[in-house]
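Residues per chain are reported as follows:
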Amino acid sequence: MFPVVFAANVDHRDLLNVSTGERVRVDLPELRDRLLLRHTSGGLLLMLCRNGTGDMRLLNPLTRQLTAIPNAASLLKSQDKLQVLSAGLADSSTVALHLDDREIELAVAKPGDERRSCRARPKPASYRDMDWDTIVSALSFANRFYRTTRKGMKAVDVEATGQQPQLAVAVEEGGGTHENYLVDNDGELIRVRRTPGLKMPRYEAHRVDVDAGKMVPIDDMRGRAVFVCDGGRSVSVRAGLSPSVKADTVYRCSCSGDERPTIAAYHLEKGWTT
C-alpha cells in the first residue's frame, strides 16, 4: 500500500491497495514536520525530519509503529537533497537504501546502529565500462534486498563483515540494458527489461529463479500488469483495477519537466498497443 494524498496540513492519508483497488483512510500525525522520502515494497514509509537534524524513521501506516534508523546527516554531505530511489528490508530488520547520489549508491543499517555502512558508486576505469556495474533497479523481496545492473543481479549479504555492504551473486545473467526493472508480481519476483527491436524497442519479462540462479522467460504475468518509470521504479497491479489496465502489459511512464506525463503500453505477446 502507498499514500495517495501528501497534503502537509492534514493528519489523514488515503492508502491504496494496488492489488485490490481498496482504499483505506488512516490518521497519521507521525507525518507532521516530516518529509516522506519513499515507501518500501512492504508498505513501510521512510520519513526524514524537516528540521535539518537528519532524523530518519520507518513508519508502519497501519499499526503506526515507528522505528528509528541511523541519522541521515552523513548521507547529505555530497548533495543538498537526499534522493532515495528504493528502500526495503535486507533481512528481518536490516534496512537498505538505494540512493541517487554522486558518491554513494547503497546504504545499509539496522535499527539501533549508530551509523550505516555505505557502498560507493562504482568508478569505471574507462568510459566504455561506464554504467555496467551501476545499480539500475533495486527491490526488497522476501526479506532480501536485490539490485540489478547491466552485468547481473546481486543481493545484499547481511552476514558478511566489512566497512561497506557486501553483495552476493543471485543471478549471473546481466540485464544487458540500462532499462530493466525488478518487480514483485504478487509474490513472484520477475525482471522486466527493454530490448532492441527491428523498428522499435520491445519489452520482455523473466521470472527470477533465485534458487537456481537463473532467469526464466515468461509470456504472461499471471493476469497482472506492470508500470515502470525512470529510476528503476516499478509496481505490479491487478488487471482490471481500472478499465484501461490490461493483463500481461508493461506500461512505460515518462515525464519531462512540467510536461504532462505520457504512458505507452506494450503487451508481451501483441507488442505496442498505444
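Below or above, wherever it landed, is the structure these notes cover. (Residues numbered from 1 in each chain as written. Predicted model: local features only at pLDDT ≥ 70, side-chain atom pairs only at ≥ 80, totals over all residues. Heavy atoms only, no water.)

1. Some thoughts on the overall build of the protein chain
Counting its secondary structure elements, the protein chain contains zero helices and 24 strands. For the protein chain, contacts bridging at least 24 residues in sequence account for 38% of all contacts bridging at least 6. Accessible surface computed for the protein chain: about 14,600 Å², of which carbon and sulfur atoms make up 47%. (Helix = DSSP H or I, 4+ residues; strand = E, 2+ residues; numbered from the N terminus. Contact = heavy atoms within 4.5 Å. Areas by Shrake-Rupley, 256 points an atom, 1.4 Å probe, with all protein chains shown as cover.)

2. Examining the sheet that holds strand S17 (residues 189-195)
Read across the open sheet, the four strands follow the order S16-S17-S18-S19; overall the sheet is antiparallel. Each edge of the sheet is formed by a strand with only one pairing partner; in this case those strands are strand S16 (180-184) and strand S19 (214-218). Averaged over all pairs of adjacent strands, the angle between their axes in this sheet comes to 35 degrees, without regard to strand direction. For S17 and strand S18 (residues 202-209), the ladder comprises six bridges, and the chain directions are antiparallel. Each bridged residue has a counterpart across the sheet, and for Val192 the counterpart in S18 is Ala205. (Pairing = 2+ DSSP bridges. Axes fitted to C-alpha atoms, helices over the stretch in contact; angles between N-to-C directions.)

3. Brief notes about the pattern of salt bridges
Once the charged atoms of two side chains with opposite charge are near each other, the side chains can pair. Across all of its chains, the model carries 12 salt bridges by this definition. The salt bridge involving Arg222 is made with Glu188; its shortest N-O contact spans 3.6 Å. You can see Arg222 sitting in the loop between S19 and strand S20 (224-229) and its partner Glu188 sitting in the loop between S16 and S17, a full 34 residues away along the chain. A relative accessible area of 46% places Arg222 in the partly exposed class. Judged by relative accessible area, Glu188 falls into the buried class, the value being 16%. Here the residues in one salt-bridge network are Arg34, Asp55 and Arg57, joined through shared partners. (Salt bridge = Lys/Arg side-chain N within 4 Å of Asp/Glu carboxyl O. Buried < 20%, exposed > 50% of the residue type's maximum accessible area, 1.4 Å probe, protein only.)

4. Some thoughts on the sheet that holds strand S13 (residues 144-148)
The strand order S12-S13-S14-S15 describes an open sheet built from four strands, whose pairing is antiparallel. Lying at the two open borders of the sheet, with one neighbouring strand each, are strand S12 (137-141) and strand S15 (166-171). The mean inter-strand angle of the sheet, taken between neighbouring strand axes irrespective of direction, is 30 degrees. Here strand S14 (residues 153-157) runs beside S15; their pairing, made up of five bridges, is antiparallel. Looking across to S15, one finds that Lys154 is bridged to Val169.

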